[in-house]
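Architecture at a glance
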Amino acid sequence: MTAVVDPAATNRSSTSADKSRLRPSDVIRVAVGGLRARKLRAALSVLGISIGIASLVGVLGLSESSKSDLLDQLDVLGTNLLTVTPGEGFGVGDSTLPDTAVVMVRRLPTVEAVTAVAELSSGVYRNDLIPETETGALTVLAAESGLLDTLGGSMAQGRSLDAHADDYPVAVLGSVAAERLGIEDLGQPQLVYVGSRPVEVVGVMVPLPLAEDINRSVVVPRAAADAYLQDDLETTSMYLRTTEGAVLATRDILPATVDPQNPEEVEVTRPSDVLEAQAAAEGAFTSLFLGLGLVALVVGGIGIANVMVMGVIERRGEIGLRRSIGATRRHIRLQFLTESLVLGVIGGVLGVSLGAAVTAGYSAVEGWRIIVPLAAVVGGFVAAVAIGAVAGLYPAVRASRLAPN
Amino acid sequence: MNALELRGVVKSYAGAPPVYALAGVDLAIGHGEMVAVVGPSGSGKSTMLNMMGTLDRPTEGSVLVDGLDTTDLDDDALTAVRGRRIGFVFQRFFLLAGVTTVDNVANGLLYTGRPLAERRAAAVRTLERVGLGHRLTHRPNELSGGETQRVAVARALVHEPAVLLADEPTGNLDSQSTAAVMGLFHELHAAGTTIVVITHDLTMAERLPRRVRVLDGRIEADSAVAG
Ligand SMILES: Nc1ncnc2c1ncn2[C@@H]1O[C@H](COP(=O)(O)OP(=O)(O)OP(=O)(O)O)[C@@H](O)[C@H]1O
Ligand SMILES: [Mg+2]
């Protein structure tokens, strides 16, 4: 047989020049082409991962937004309000504060304002036909006119108490009290009965987040109450504002100031602590959802891995063909890994956008400030890409080891 | 020096008992030869072709391409030999769906690292050579079976390999398309390309210069040796 001279045979030694190479642009082209050939599956695995990322970003965004709402509220209300009440419990005091308390407290240099409140023994009723026991869990408080200022509250309707004008009993209602008594509109003169005595309602307060007790009360001027409603009024609690930064120090010396004989019978609380605890609790709640988001993400990752592994088996022929046209095992690995990374990138972008959109939408409905933390955006995207990489690794190695045919 | 040579090639797959797809094959194919490989299903034809094309490694024995022993080459070097010297055509065409004829053929040069424009230009030249110059922008689903296989052949030829290995290239084609593909192979043969074709079609095999018959992983008959 005659051997035909083959020109290609002469440069056989130049192996390195003929080494298989794949341009970076072709790496992307091949990966995108591979995904486009399996659009539905690619879409489903992107969906899985983007739901996981969206829930992470959404949870982080919503918790930040809602927390910022609480903290904004705290900013307005201030954290320097303290309440002083007689200690409750067995064998402790007589549920009133000493007569000297207000004077003593007012002398403290760190106290900006203080208002004493005395609880009346009678209930409040809409009319004089209601039995005395049905108080609707409302209390009647006698207060000095500075109460509203000390609490940082404001009026929803009508006016607040005026020490000089109100020498006759009139009432200002807390928000809950107004609701329970069925008083909606002060356009008509409205009466409530303190005990059996009719009292005119002159105002309704807006809800006070830092003073739930006041919300459930009917407040009357102290001097008038003393004169007309009950003659043995004793201070049952005090509300006070301290100077900024002196809250804790003031809190510590208050019991001895209020009742030098029995400081342990005085209880001092800081209502803003409750709101702060609420903000912290939202954080704890967040961890739970964050955990769920992570689970969704892992499931999404397994979805990608599943699609890729199935793809490897199905695409045996394609892999053999690529090997036959000069793809090295590395090229095959790279192709599968890139496909999976592209899924991760798309899933990340969609997930982050979706999470941000959910945060924005929900915050808008709730009237919160919209906060999508940068860490959540970057973290979510990085997590998606990392999951793409991890999920693609095993299938890629498997594909590259596959025998042809 | 031979274009391809198998020396004592054994390919076995683990199992109980192990499967011997090739049970000791010695075969030399010279430059410019055109060989038909025939034999019953499962006899080891595809395995042998994959060995020749370095797509798979033998369990025992060695494979020489242009006199170069490939036994100790790593995957990169082996792929370089394959990519440079050998073109494959399969029974299933493996064209990328939704991709034009030109780009499917240009894919034959994907792993050479040459720029896309250059790859496309070479693809157009090759398509004209196989008589498909008028089907450049068609997609696989717009081509006949014979045309599809000629696109696959063009892809195998686009890097101008010295050796063309075809595994039942006409297995899916009607007689007219088969004739077109085989006509193309004869032309390539005339131009100096070494060609090995696996086929079930005995009349087609009869028309080729050399026939190798495989049975149970061995060469049962070789027209070049028998006479
Ligand atoms: N990966 C594998 N694992 C185990 N056995 C295999 C594997 N690949 C091939 N075989 C076996 O090797 C033998 C030869 O297979 P081969 O594909 O070479 O046959 P063939 O002659 O090409 O058959 P056909 O004409 O049907 O294509 C068969 O018995 C087959 O079952
Ligand atoms: Mg076969």
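Residues numbered from 1 in each chain as written. Chains lettered and ligands numbered in written order. Predicted model: local features only at pLDDT ≥ 70, side-chain atom pairs only at ≥ 80, totals over all residues. Heavy atoms only, no water.

Once that is clear, we can look at the interface of chain A and chain B. The interface is formed by 36 residues belonging to chain A together with 37 residues belonging to chain B. In total, chain A and chain B occlude about 3,200 Å² of area from one another, counting both sides; carbon and sulfur atoms represent 57% of this. Taken together, chain A and chain B are joined by 4 salt bridges. At the junction of chain A and chain B, the tally comes to 11 residue pairs in polar contact (both at pLDDT 80 or more). Contributions of two or more residues to the side of chain A that touches chain B are made by α1 (24-36), α10 (316-324) and α11 (329-366) of chain A. Per element, the largest residue contribution to the side of chain A that touches chain B is 7 residues, and it comes from α10 of chain A. When its residues are assigned to classes, the side of chain A that touches chain B shows 12 nonpolar, 11 polar and 13 charged. (Contact = heavy atoms within 4.5 Å. Buried area = accessible area lost by both parts, 1.4 Å probe. Salt bridge = Lys/Arg side-chain N within 4 Å of Asp/Glu carboxyl O. Polar contact = N/O pair within 3.5 Å; in protein donor to acceptor, adjacent residues only side chain to side chain. Helix = DSSP H or I, 4+ residues; strand = E, 2+ residues; numbered from the N terminus. Nonpolar A, V, L, I, M, F, W, Y, C, P; charged D, E, K, R; others polar.)

A separate point is the pattern of salt bridges. Working definition: two side chains of opposite charge can pair if their charged atoms are close together. Residues and elements named next belong to chain A. On inspection of all chains with the given rule, the structure shows 23 salt bridges over all chains. We note a salt bridge from glutamate 318 to arginine 38, for which the minimum N-O separation is 3.7 Å. Pair noted here: glutamate 318 is in helix α10 and arginine 38 is in the loop between α1 and α2 (39-77), with a separation of 280 residues, a long-range link. With relative accessibility at 22%, the residue arginine 38 sits in the partly exposed group. Connected through shared salt-bridge partners, Arg38, Arg315, Glu318, Arg322 and Glu339 make up one network. (Buried < 20%, exposed > 50% of the residue type's maximum accessible area, 1.4 Å probe, protein only.)

Of all 11 residues that make up helix α2 (residues 75-85) of chain B, 11 are buried, and the element is covered over most of its length. Taken residue by residue, α2 of chain B has Asp75, Asp76, Ala77, Leu78, Thr79, Ala80, Val81, Arg82, Gly83, Arg84 and Arg85 of chain B as its buried positions.

Residue and element names in this part refer to chain B. Following the sequence through the fold, threonine 70 ends up in the loop between β5 (68-69) and α2. Taking the relative accessible area as the measure of exposure, threonine 70 reaches 6% and is therefore buried. Within the structure, the side chain of threonine 70 is placed 2.8 Å from the backbone oxygen of valine 63, a separation counted as a polar contact.

Right, let's get into the layout of surface pockets. If you add up the space inside the largest pocket, you get close to 900 Å³. Lining of the largest pocket is provided by 33 residues; of these, Gly33 and Gly34 of chain A together with Leu96, Ala97 and Val99 of chain B occupy positions nearest its centre. Contributing elements (two or more residues each) for the lining of the largest pocket: α1 and α10 of chain A together with α3 (101-106) and α4 (116-129) of chain B. Ranked by residues supplied to the lining of the largest pocket, first place goes to α1 of chain A with 6 residues. Taken together, the residues that form the lining of the largest pocket break down as 13 nonpolar, 7 polar and 13 charged. (1 Å grid on protein atoms, 1.4 Å probe; cavity = no way out; pocket = protein on both sides within 12 Å on 5 of 7 lines; lining within 4 Å. Points joined across faces, edges and corners; volume = space filled by probe spheres on them.)

On to the domain arrangement of chain A. In many reports, interface size means the accessible area that the parts give up when they come together. According to the domain assignment, chain A contains domain 1 (24-73 + 277-400) and domain 2 (80-270). Look at where the C-alpha atoms of domain 1 of chain A and domain 2 of chain A centre, and you get two points 56 Å apart. (Domains from an automatic or database assignment.)

Structurally, the α-helix is built with 3.6 residues per turn, so residues lying three or four positions apart point the same way. The end-to-end C-alpha distance of α4 of chain B, which contains 14 residues, comes to 20 Å, matching closely the 20 Å that a straight helix rising 1.5 Å per residue would cover. Every buried residue of α4 of chain B is listed here: Arg119, Ala122, Ala123, Thr126 and Leu127 of chain B. Looking straight down α4 of chain B, one finds its buried side chains confined to an arc of 140 degrees; they lie on one side. Facing away from the buried side of α4 of chain B, by more than 90 degrees, are the exposed residues Ala117 and Arg125 of chain B. Looking at the buried positions of α4 of chain B, the neighbouring elements they touch are α1 of chain A together with α3 and α5 (145-157) of chain B. Remark: glycine 131 of chain B follows α4 of chain B within two positions and exhibits a positive phi of approximately 80 degrees. (Expected span 1.5 Å × (residues − 1). Arc of directions from axis to C-beta.)

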